[in-house]
Amino acid sequence: MPVLDSIAARLDEMIAWRRHLHAHPELAFEEVATAGFVADRLAAFGIEVHRGLAGTGVVGVLRHGNSPRSVGLRADMDALAMTERNGFAHASRHPGKMHGCGHDGHTAMLLGAARHLAETRNFDGTVHLIFQPAEEGAGGAKVMIDQGLFDRFPCDTVFGMHNWPQLPPGTFGVRAGPVMAAADHFEITVTGKGGHGAMPQLGIDPVLVAAHIVTAAQSLVSRGTDPVDAAVVSVTMIQGGSAFNVIPDTVTLSGTVRSFRPETQDRLQHGLARIAERVAAAFGATAETAYRRNYPATLNSRTEAAVAASVAAQVVGAQNVHRDLEPSMAAEDFAFMLEQRPGCYVWLGQGGGAASCMLHNPHYDFQDQILPVGASYWVLLAETALPRGT
Ligand code: NI
């Protein structure tokens, strides 16, 4: 792969970082050792280090020249609450915690790029190296922003990257507009009237009501959403009852709603509550819906997506930059940063053979061979965003 020679030459060290992080995973907002590892290396590269945003967040500031321009490059550091089922030497040493999404690789790639940028300083402006905690569901990006990330470290543009097992190594996926969906969480409490399982006429069965709500909720996408828009309503948990012969008083339904467009998100949120309430009322029961918007949709700005694609093409060749990938209905908290600043989130191919194992799978492992690809992309992106002599 045509990556930067000086980065390829020190691949062994990047692999060592990546495997160390993989063996010592830490969960959201608990990335104490990981943050220390990152901060120590940044400091050793001669980069100004700021710690404490969102607790375990680390920001490296690298200035060169006189330009007021700035760019933010972001990596996530947290692991997943799952047990690894790989047997290799760098497998997780912490049961119940695993780098099952490759954030170990993301951290190592940005560190590799940071060292190169600090050594070569072939740019004019300020690079902010953002190592964020808690991407996996806890919204570490939002916490960093709420605590002043972009006030303390102004960024004209921000960029993020995630490894992607569905793409082969040596490729990128880049697109303008939506790339990941908004992810919401709901919980519907259906209240009826419990009683003897043999005498349903004396109560109001919330199990039956819940079943009707599950079915009716599927009309929100199939009948209520523009067929060329994309959305998901998944009821993933049904909880109620304690005995085979007792009708319970309540049943709870929970699940997730995914969407790209704000108007679709609004309609699904209100439609779900309306269906739950009115279906329940039709049976003489009640339903209350608690709805929480978790991550917004990840929306790449057009100009920055074009910049990202052209930089990716410099690393892997234009034929290996996929501009036509469909968005994913998964979610990503880099979306919060893209709400604040123009920027682009790209997918870095890491699949092929056993490496096609999907993210969040207990057999997943980040592929070391793509470390220099991602690190080279970061370096060239910073140099492109902050050109010298202009
Ligand atoms: Ni991830």
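A quick note: this is a predicted structure, and the numbers were derived from the prediction, not measured.

Asker: Requested: an account of the overall build of the chain, with residues and values cited.
Answerer: Per the secondary structure count, the chain includes twelve helices and 16 strands. Its C-alpha atoms put the chain at 80 × 45 × 40 Å along the principal axes. Restricting to contacts in the chain with at least 6 residues of sequence separation, those with at least 24 account for 82%. When the accessible surface of the chain is split by element, carbon and sulfur atoms take 53% of a total near 16,000 Å².

Asker: Pulling in residues and values, what's your account of helix 2 (residues 11-23)?
Answerer: The terminal C-alpha atoms of helix 2 lie 18 Å apart, and with 13 residues this matches the ideal 18 Å at 1.5 Å per residue to within 8%. Listed as buried for helix 2 are Met14, Ile15, Trp17, Arg18, Leu21, His22 and Ala23. In this structure, the buried side of helix 2 is in contact with helix 1 (5-8), helix 3 (32-44), helix 4 (103-120) and helix 12 (371-385).

Asker: Before we move on, can you summarise the side chain of Glu31 with the specific residues and values?
Answerer: Tracing the backbone shows Glu31 in the loop between helix 2 and helix 3. No salt bridge is formed by the buried Glu31, whose closest oppositely charged neighbour, Arg51, lies at an N-O distance of 9.6 Å. The contact partners of Glu31, leaving out residues within four places of it in the chain, are Glu26, Thr56, Met77, Asp78, Pro133 and Ala134.

Asker: Residue-level account of the coordination of the nickel ion, with values.
Answerer: With distances of 2.1 to 2.2 Å, the protein atoms coordinating the nickel ion are Cys101 (SG), His103 (NE2) and His162 (NE2). Mapped onto the sequence, the donors of the nickel ion take the spacing C-x1-H-x58-H. Taken as a pair, Cys101 in the loop between strand 3 (70-76) and helix 4 and His162 in strand 5 (residues 157-164) lie far apart in primary sequence, 61 residues in all.

Asker: Any details on the pattern of salt bridges? Residues and values, ideally.
Answerer: The tally for this structure, following the rule as stated, stands at 13 salt bridges. Between Arg18 and Asp368 there is a salt bridge; the shortest N-O distance is 2.8 Å. Here Arg18 is found in helix 2, whereas its partner Asp368 is found in the loop between strand 16 (343-349) and helix 12, with 350 residues between them in sequence. Classification of Asp368 as buried rests on a relative accessible area of 10%. Between Arg74 and Asp333 there is a salt bridge, with its nearest N and O atoms 2.9 Å apart. In this pair, Arg74 sits in strand 3 while Asp333 sits in the loop between strand 15 (321-322) and helix 11 (334-340), placing the two residues 259 residues apart along the sequence. Residue classification places Arg74 among the buried residues on the basis of a relative accessible area of 1%.

Asker: Before we move on, can you summarise the packing of helix 4 against helix 12 with the specific residues and values?
Answerer: Relative to each other, helix 4 and helix 12 sit at 45°, their axes nearing to 8 Å. Taken together, the axis directions place helix 4 and helix 12 in an arrangement best described as oblique. Taken as a pair, helix 4 and helix 12 cross one another with a handedness that is right-handed. Between helix 4 and helix 12, the residues in contact are Gly105, Ala108, Met109, Leu110, Gly112, Ala113, His116, Leu117 and Thr120 and Leu371, Gly374, Ala375, Trp378, Val379, Ala382 and Glu383, respectively. Within the contact of helix 4 with helix 12, the residues separate by chemical class into ten nonpolar, five polar and one charged.

Asker: Any chance you could break down the sheet that holds strand 2 (residues 58-64) for me, citing the residues and the numbers?
Answerer: Strand pairing in a sheet relies on backbone hydrogen bonds, with the paired strands running either antiparallel or parallel. Strand order across the open sheet formed by eight strands is 1-2-4-3-5-16-6-15, with mixed pairing between neighbours. Either end of the sheet is taken by a strand with one partner, and the two such strands are strand 1 (48-51) and strand 15. With respect to the sheet, helix 3 is in contact with strand 1, strand 2 and strand 4 (125-132), its orientation differing from that of strand 1 by roughly 160°. Here helix 4 sits on the sheet and contacts strand 2, strand 3, strand 4, strand 5 and strand 16; the angle it forms with strand 3, its principal contact strand, is near 145°.

Asker: How would you summarise the sheet that holds strand 13 (residues 286-295) if you had to cite specific residues and measurements?
Answerer: Reading across from one edge, 10-12-8-13 is the order of the four strands in this open sheet, with antiparallel pairing throughout. Two strands in the sheet have a free side with no partner beyond their single neighbour: strand 10 (231-240) and strand 13. Here the strands of the sheet are splayed against their neighbours by 20° on average, with no regard to which way each runs. Direction of pairing for strand 8 (residues 182-191) relative to strand 13: antiparallel, over a ladder of nine bridges. Along strand 13, the bridge assignment pairs Thr189 with Glu288. Taken strand by strand, helix 7 (residues 206-217) contacts strand 8, strand 10, strand 12 (250-259) and strand 13, and its axis lies near 10° from that of strand 12. Against the sheet, helix 9 (residues 262-282) makes contact with strand 8, strand 10, strand 12 and strand 13, and its axis sits at roughly 160° relative to strand 13, the strand it touches most.

Asker: I'd like a rundown of helix 9, residues and numbers included.
Answerer: Helix length check: helix 9 (21 residues) gives 30 Å between terminal C-alpha atoms against 30 Å at 1.5 Å per residue, within 8%. The complete set of buried residues in helix 9 reads Thr264, Gln265, Leu268, Gln269, Gly271, Leu272, Ile275, Ala276, Val279 and Ala280. Looking at the buried positions of helix 9, the neighbouring elements they touch are strand 8, helix 7, helix 8 (219-222), strand 10, strand 12 and strand 13. Positive backbone phi, at 80°, marks Gly284, one or two positions downstream of helix 9.

Asker: Please set out the pairing of strand 2 residue by residue, giving values where relevant.
Answerer: Most of strand 2 is tucked away, with five of its seven residues classed as buried. Here strand 1 pairs with strand 2 via four bridges, running antiparallel. When the sheet's bridge partners are listed, Arg51 is paired in strand 2 with Val58. Linking strand 1 to strand 2, which pair antiparallel, is a turn of six residues; within it Gly52 sits at a positive phi near 110°. Pairing between strand 2 and strand 4: seven bridges, direction antiparallel. Across the sheet, Gly60 pairs through a bridge with Leu129, a residue of strand 4.

About the criteria used
Residues numbered from 1 in each chain as written. Predicted model: local features only at pLDDT ≥ 70, side-chain atom pairs only at ≥ 80, totals over all residues. Heavy atoms only, no water. Helix = DSSP H or I, 4+ residues; strand = E, 2+ residues; numbered from the N terminus. Contact = heavy atoms within 4.5 Å. Areas by Shrake-Rupley, 256 points an atom, 1.4 Å probe, with all protein chains shown as cover. Expected span 1.5 Å × (residues − 1). Buried < 20%, exposed > 50% of the residue type's maximum accessible area, 1.4 Å probe, protein only. Lys, Arg positive; Asp, Glu negative; His and termini not counted. Salt bridge = Lys/Arg side-chain N within 4 Å of Asp/Glu carboxyl O. Donors = N, O, S within 2.8 Å, 3.2 Å for Na, K, Ca; no water. Axes fitted to C-alpha atoms, helices over the stretch in contact; angles between N-to-C directions. Parallel < 35°, antiparallel > 145°, perpendicular 65-115°, else oblique. Left-handed = near helix turned anticlockwise from the far one by under 90°. Nonpolar A, V, L, I, M, F, W, Y, C, P; charged D, E, K, R; others polar. Pairing = 2+ DSSP bridges.

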